[in-house]
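A structural walkthrough
So the chains spell out like this:
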Amino acid sequence: MAATGRKHLVRDFNHFITCYLCRGYLIKPTTVTECLHTFCKGCIVQHFEDSNDCPKCGIQVHETNPLEMLRLDNTLEEIIFKLVPGLREQEEQQEVEFWKKNQPRENGQAEAVRCQRIGLPDVGDDYGGGGGGDDDDDGGDDDYHRSDPQIAICLDCLRNTGQSEESTVTDLMKRFIRCSSRVTVGTIKKFLSLKLKLPSSYELDVLCNGEIMGRDHTLEFIYMTRWRLHGENTYPMVLEYRPRIDFG
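From a predicted model like this one, the values you see are computed outputs, not experimental measurements. (Residues numbered from 1 in each chain as written. Predicted model: local features only at pLDDT ≥ 70, side-chain atom pairs only at ≥ 80, totals over all residues. Heavy atoms only, no water.)

1. Describing the overall build of the protein chain
Our working rule: Note on conventions: DSSP H or I runs of at least 4 residues are helices, E runs of at least 2 residues are strands, and numbering of each starts at the N terminus. Throughout, exposure labels follow a simple rule: accessible area from a 1.4 Å probe, protein chains only, divided by the maximum for the residue type, with under 20% read as buried, over 50% as exposed, and the rest as partly exposed. When checking whether two residues touch, look at their non-hydrogen atoms; a contact exists if any pair is within 4.5 Å. Values of accessible area rely on a 1.4 Å probe in the Shrake-Rupley scheme; residue burial ignores everything except the protein chains shown.
When helices and strands are tallied, the protein chain shows seven helices and eight strands. A burial count over the protein chain gives 36% of its 248 residues as buried. Long-range contacts, defined here as pairs at least 24 residues apart, represent 59% of the contacts in the protein chain between residues at least 6 apart. Within the structure as shown, the protein chain displays about 15,200 Å² of accessible surface, and the carbon and sulfur contribution to it stands at 48%.

Here's what the structure looks like:
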């Protein structure tokens, strides 16, 4: 006599595909690499704004920057979408409605896209941005390093250097940004030039703890070798910029 297999229902798997924080289905499942617990990306990022501990097991994820220990689980996301009928379409519709309600100002769209193409977030005047036209094409790579480990930084204008160009280099309207930890100082300089509307020939120095950073230094390298070694430093990492000083 053939054995009759039990038909499994979606609720049988809810323990594995729901978020501990919001109790809903995992959206953009994101795993904490220290303990391998998985949450919705939005839920765990918001949690880490106030705590460095895993909300499920209580382990300290990172002393200063727990966001570095998060990894998206694209395989689990596809499994959930296959298990739960209509969930993918529902999320895509909600995302479309969100962006309709949060459209950027038209005159800031092109600049936001340029910022994306150099590996930085869509940072407009309101700490946000959207799509727009751009004449440059980088070969169709639309990822913009969003899957890279992220790092938050503060960009401060260094004053009282005694240079005549100080009036040209001013404070950013929004000093805090989040971007790929693989972004280089050279890219930060391009970003600053775009935001401050500086001539293409204008040179800037970028400093960390008073030391000029090399153009090819990544933010991750600076954080690990310059910023984190000073115990009194807090998060986010602060980088200062000023008109370039020619010591030659």
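Further notes follow.
2. Considerations on the nonpolar core
Nonpolar side chains in soluble globular proteins tend to be buried together. Just so we agree on the cut-off: Nonpolar cores were defined as sets of buried Ala, Val, Leu, Ile, Met, Phe, Trp, Tyr and Cys residues, with membership established by side-chain atoms within 4.5 Å.
Judged by nonpolar contacts, the single largest core of 27 residues is most densely connected at Ile153, Leu155, Leu219, Met237 and Leu239. Of all the secondary-structure elements, those providing two or more residues to this core are strand E4 (150–157), strand E5 (176–180), helix H6 (185–196), strand E6 (204–208), helix H7 (219–227) and strand E8 (237–243). The leading source of residues in this core is H6, at five residues. Not counting residues up to four positions away in its chain, the partners in contact with Leu219 are Ile151, Ile153, Cys179, Ser180, Ser181, Val183, Ile188, Met237 and Leu239. In this structure, Leu26, Leu67, Met69 and Phe81 belong to the second largest nonpolar core, which totals 19 residues.

3. What to know about the pairing of E6
Filter applied, for reference: Should DSSP find at least two bridges between two strands, the strands are taken to pair.
Of all the five residues making up E6, five are buried; the element is thus mostly covered by neighbouring parts of the structure. In this structure, E6 lies alongside E8, joined through four bridges in antiparallel fashion. Pairing of Leu207 across the sheet is with Glu240, part of E8. The sheet contact formed by E6 and strand E7 (residues 211–212) spans two bridges and is antiparallel. In the strand pairing of E7, Leu207 is matched with Ile212.

4. Concerning the packing of aromatic side chains
Applicable threshold: Each aromatic pair joins two rings of Phe, Tyr and Trp (for Trp, the six-membered one) with centres within 6.5 Å, and gets the label stacked for planes under 30 degrees apart, edge-to-face for over 60, and tilted for any other angle. Criterion for a charge above a ring: Arg CZ or Lys NZ at most 6 Å from the ring centre, at most 35 degrees from the ring normal.
One pass over the structure, following the stated rule, counts zero aromatic pairs. Sitting over the ring of Tyr20, Arg23 keeps its end group 4.9 Å from the ring centre.

5. Focus: the sheet that holds strand E1 (residues 29–32)
What counts is decided by this rule: Throughout, an axis means a line fitted to C-alpha atoms (over the contacting stretch in the case of helices), and angles, computed between N-to-C directions, take values from 0 to 180 degrees.
Within the open sheet, the three strands sit side by side as E2-E1-E3. Their pairing is antiparallel. The outermost strands of the open sheet, each flanked by one partner alone, are strand E2 (38–40) and strand E3 (70–72). On average, each strand axis in the sheet is tilted by 35° relative to the strand beside it, whichever way the strands run. Across three bridges, E1 lies against E2 in antiparallel orientation. The residue of E2 that forms the bridge with Thr31 is Thr38.

6. Things to note about H6
So the rule is basically this: Here, expected helix span is obtained from the residue count minus one, scaled by 1.5 Å.
Taking 1.5 Å as the rise per residue, H6 with 12 residues should run 16 Å; its terminal C-alpha atoms sit 16 Å apart, in good agreement. Extensive coverage of H6 is indicated by the burial of 10 of its 12 residues. Within H6 the residues assigned to the buried category are Val185, Gly186, Thr187, Ile188, Lys189, Phe191, Leu192, Ser193, Lys195 and Leu196. Phi for Lys197, located one or two positions after H6, is positive at around 55°.

7. Here we look at the pairing of E1
Of the two faces of E1, the one lined by Pro29 and Thr31 and the one lined by Thr30 and Val32 are each fully buried. Joining the antiparallel neighbours E1 and E2 is a turn of five residues, in which Leu36 adopts a positive phi near 65°.

8. Re the side chain of Asn65
Within the element layout of this structure, Asn65 appears in the loop between helix H2 (41–47) and E3. Residue Asn65 is classed as buried on the basis of its relative accessible area of 0%. Look past the residues within four positions of Asn65 in its chain and what remains in contact with it is Gln150, Ile151, Tyr223 and Tyr235.

9. Notes on the sheet that holds E4
Here we have five strands laid out as an open sheet, ordered E5-E4-E8-E6-E7, and mixed in their pairing. The strands lining the two open edges of the sheet, one partner per strand, are E5 and E7. Of the strands in this sheet, E4, E5, E6 and E8 are in contact with H6, which crosses E6 at around 120°. Relative to the sheet, H7 contacts E4, E5, E6, E7 and E8, its axis offset from that of E8 by approximately 105°.

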